[in-house]
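# Geometric and topological summary
Residue-level listing of the chains:
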Amino acid sequence: MAKSYLIVTDGTTKIDLLGARGWAVKSWTPEIAQPKNGGIFRSSPLVDGRRLSMRKFDNAIETLVMVISPDGQDSLIFEMQELTRLLQKATEYWQSSWQNEPVWLEAEGPCETERRYAIIIDYRINGLNNP
């Protein structure tokens with residue numbers, strides 16, 4: 001059976017979200033980028049309905065739920081530090097002039113023939129309760 005991939009990487013450092021030590025992905029909710037405010041429409045009082053004039057897309061916000069595994073606190077803390085460093089690097093790519101390497105997510109299901117890629121722009125980590 002083919003292997004699944006869910007990796008955060010900058011091309012050098014890789015964090016395997018499916019094979020990490022100390023924690024694992026419980027669920028992942030991929031999203032599709034939605035139009036900002038639904039788009040801009042022209043609506044003349046002289047005609048019926050309205051017409052789409054312009055549409056720009058917002059960023060997709062995806063959610064990953066992680067769970068701690070019983071492999072040990074040292075590996076959990078190390079993997080979380082590495083992931084946090086990569087995610088911080090991702091935000092610095094957009095905010096600073098010195099960071100010139102993007103960070104992205106690679107995903108491939110067990111029956112897919114090609115990987116999917118998504119560049120990371122920002123992140124939030126919630127719920128680090130009692131690590």
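This text gives an overview of the structure that appears in the document. (Residues numbered from 1 in each chain as written. Predicted model: local features only at pLDDT ≥ 70, side-chain atom pairs only at ≥ 80, totals over all residues. Heavy atoms only, no water.)

Considering only enclosed or pocket space, the largest pocket measures out at about 1200 Å³ in volume. Those elements giving two or more residues to the lining of the largest pocket turn out to be strand 6 (63–68), helix 1 (73–95) and strand 8 (116–119). The class makeup of the residues in the lining of the largest pocket is 24 nonpolar, six polar and three charged. (1 Å grid on protein atoms, 1.4 Å probe; cavity = no way out; pocket = protein on both sides within 12 Å on 5 of 7 lines; lining within 4 Å. Points joined across faces, edges and corners; volume = space filled by probe spheres on them. Helix = DSSP H or I, 4+ residues; strand = E, 2+ residues; numbered from the N terminus. Nonpolar A, V, L, I, M, F, W, Y, C, P; charged D, E, K, R; others polar.)

Using the criterion set out here, one finds one aromatic pair in the structure. With a centroid separation of 5.0 Å and 85° between ring planes, the pair formed by Tyr93 and Trp94 is classed as edge-to-face. Above the face of the Phe41 ring, Arg50 is positioned so that its terminal group lies 3.7 Å from the ring centre. Sitting over the ring of Tyr5, Arg115 keeps its end group 3.7 Å from the ring centre. (Phe/Tyr/Trp six-rings, centres within 6.5 Å; stacked < 30°, edge-to-face > 60°. Lys NZ or Arg CZ within 6 Å of the ring centre and 35° of its normal.)

Attention shifts here to the side chain of Glu79. With respect to the element layout, Glu79 can be found in helix 1. Overall, Glu79 belongs to the buried group, its relative accessible area being 7%. Not counting chain neighbours up to four residues away, the residues in contact with Glu79 comprise Ile15, Ala20, Arg21 and Trp23. (Buried < 20%, exposed > 50% of the residue type's maximum accessible area, 1.4 Å probe, protein only. Contact = heavy atoms within 4.5 Å.)

Moving on to helix 1. Within an α-helix, residues lying three or four positions from one another point in the same direction, as the helix has 3.6 residues per turn. With 23 residues, helix 1 ought to run about 33 Å at 1.5 Å a step, and its terminal C-alpha atoms sit 33 Å apart, in line with that. Those residues of helix 1 that fall on the buried side of the exposure criterion are Ser75, Leu76, Glu79, Met80, Glu82, Leu83, Leu86, Leu87, Lys89, Ala90, Thr91 and Glu92. Turning to helix 1, the residues buried within the fold contact strand 1 (5–9), strand 2 (14–16), strand 3 (23–29) and strand 6. (Expected span 1.5 Å × (residues − 1).)

Moving on, we get to the environment of Lys56. Mapped onto the elements, Lys56 comes out in the loop between strand 5 (51–54) and strand 6. What makes Lys56 exposed here is its relative accessible area of 54%. Between the C-alpha atom of Lys56 and that of Lys36, which follows or precedes it by 20 residues, the distance is 5.9 Å. In this view, Lys56 contacts Gln34, Pro35 and Lys36; residues no more than four positions away in its chain are not counted.

With that settled, consider the pattern of salt bridges. Where charged atoms from two side chains of opposite charge come close, those side chains can pair. Here the structure, examined in full by the defined rule, presents seven salt bridges. Between Lys89 and Glu101 there is a salt bridge, and its shortest N-O distance comes to 2.5 Å. You can see Lys89 sitting in helix 1 and its partner Glu101 sitting in the loop between helix 1 and strand 7 (104–108), a full 12 residues away along the chain. Glu101 sits in the partly exposed class, given a relative accessible area of 34%. Through salt bridges with shared partners, a single network forms among Asp10, Lys89 and Glu101. (Salt bridge = Lys/Arg side-chain N within 4 Å of Asp/Glu carboxyl O.)

On to the environment of Trp94, then. Positionally, Trp94 belongs in helix 1. When the C-alpha positions of Trp94 and Ile121 are compared, they lie 7.1 Å apart, and in sequence the two are 27 residues distant. Ignoring anything within four residues of it in the chain, the contact list for Trp94 reads Ile119, Ile120 and Ile121.

Attention shifts here to the sheet that holds strand 2. Overall, antiparallel pairing links the four strands, which are arranged 2-1-7-8 in an open sheet. With partners counted over all chains shown, the strands left at the sheet margins are strand 2 and strand 8, one partner each. Neighbour-to-neighbour, the strand axes of this sheet turn through a mean angle of 20°, independent of strand direction. Contacts from helix 1 reach strand 1, strand 2 and strand 8 within the one sheet, and its direction differs from that of strand 2 by about 125°. (Pairing = 2+ DSSP bridges. Axes fitted to C-alpha atoms, helices over the stretch in contact; angles between N-to-C directions.)

These results come straight from atomic positions and should not be treated as a statement about function.
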